[in-house]
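Residues per chain, in single letters:
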Amino acid sequence: MIIRNGEHKIDVVPGPFEGGCGSVSFKRIIETPEELCGKGRVFSVVTLEKDCGLGFHTHNGDVEYYLMLSGEAEYSDNGEQTVLRAGDTSFCGDGEGHAIVNRRDEPVVLVALIIYT
């Protein structure tokens with residue numbers, strides 16, 4: 001199966017999670033968890049414009065990876081603040097929490113993958 005670039009569904013979500021800001025764009029690489037063979041629920045390309053981000057949230061029963069494709073973002077790793085840049089990968093384990101926000105003019109683009117534990 002091939003899904004062409006313009007065929008992916010894009011969801012724009014205002015302020016995801018408590019403390020989220022602006023609107024976040026999710027380009028779905030998969031449409032349903034079944035497409036991950038029951039092993040996960042999200043595989044998306046996420047775009048954060050300036051002053052947009054996902055609020056702090058905890059993962060229970062799953063883990064999440066972010067692969068930074070472009071830009072620079074403030075990242076909360078279980079409450080510890082750091083900066084993620086293009087090429088960096090973050091991992092949020094089961095029972096852990098994270099948040100991400102773009103404070104720069106350049107959009108942040110990342111791949112988000114959530115798999116079940």
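Within each chain, residues carry numbers counting from 1 in the order of the written sequence. Since the coordinates come from a predicted model, pLDDT governs what is reported: local features require at least 70, and pairs of side-chain atoms require 80 or more to be given and counted, while whole-chain, interface and lining totals use all residues. Hydrogen atoms and water are omitted, and side-chain values are computed over all heavy atoms in the structure.

Participant: How should I be thinking about the pattern of salt bridges in this particular structure?
Facilitator: Working definition: two side chains of opposite charge can pair if their charged atoms are close together. One speaks of a salt bridge when a side-chain nitrogen belonging to Lys or Arg is within 4 Å of a carboxyl oxygen belonging to Asp or Glu. Within this structure, the stated rule accounts for nine salt bridges. The closest approach of N and O atoms between Asp105 and Lys50, which form a salt bridge, is 3.1 Å. Separated by 55 residues along the polypeptide, Asp105 in the loop between strand 9 (97-102) and strand 10 (108-116) and Lys50 in the loop between strand 3 (40-48) and strand 4 (52-58) bring together distant segments of the chain. A salt bridge links Arg104 to Glu72, with the shortest nitrogen-to-oxygen separation between them at 2.8 Å. Highlighted residues: Arg104 in the loop between strand 9 and strand 10 and Glu72 in strand 6 (residues 72-77), separated in sequence by 32 residues. Each residue's exposure class comes from its accessible area (1.4 Å probe, protein chains only) as a fraction of the maximum for that residue type: buried when under 20%, exposed when over 50%, partly exposed otherwise. Note on Arg104: relative accessible area 47%, which makes it partly exposed. Salt bridges here are not isolated pairs; linked through shared partners, they connect Lys9, Asp11, Arg28 and Glu31. Only DSSP runs of H or I reaching four residues or more are called helices, and only runs of E reaching two or more are called strands; each is numbered from the N terminus.

Participant: Before we go on, may I ask you to explain the sheet that holds strand 9 in this structure?
Facilitator: Whenever strands of a sheet pair, they do so through backbone hydrogen bonds, lying parallel or antiparallel. The four strands are arranged 4-9-6-7 in an open sheet whose pairing can be described as antiparallel. Pairing within the sheet leaves two strands with one partner each, and these edge strands are strand 4 and strand 7 (80-85). Between one strand and the next, the sheet's axes are offset by a mean angle of 20°, whatever the strand orientation. Two strands pair under a simple rule: DSSP has to find at least two bridges between them. Two elements, strand 6 and strand 7, share six bridges in a ladder whose sense is antiparallel. Paired with Asp77 across the bridge in strand 7 is Glu80. Lines fitted to C-alpha atoms define the axes, with helix axes restricted to the stretch in contact, and inter-axis angles between N-to-C directions lie between 0 and 180 degrees.

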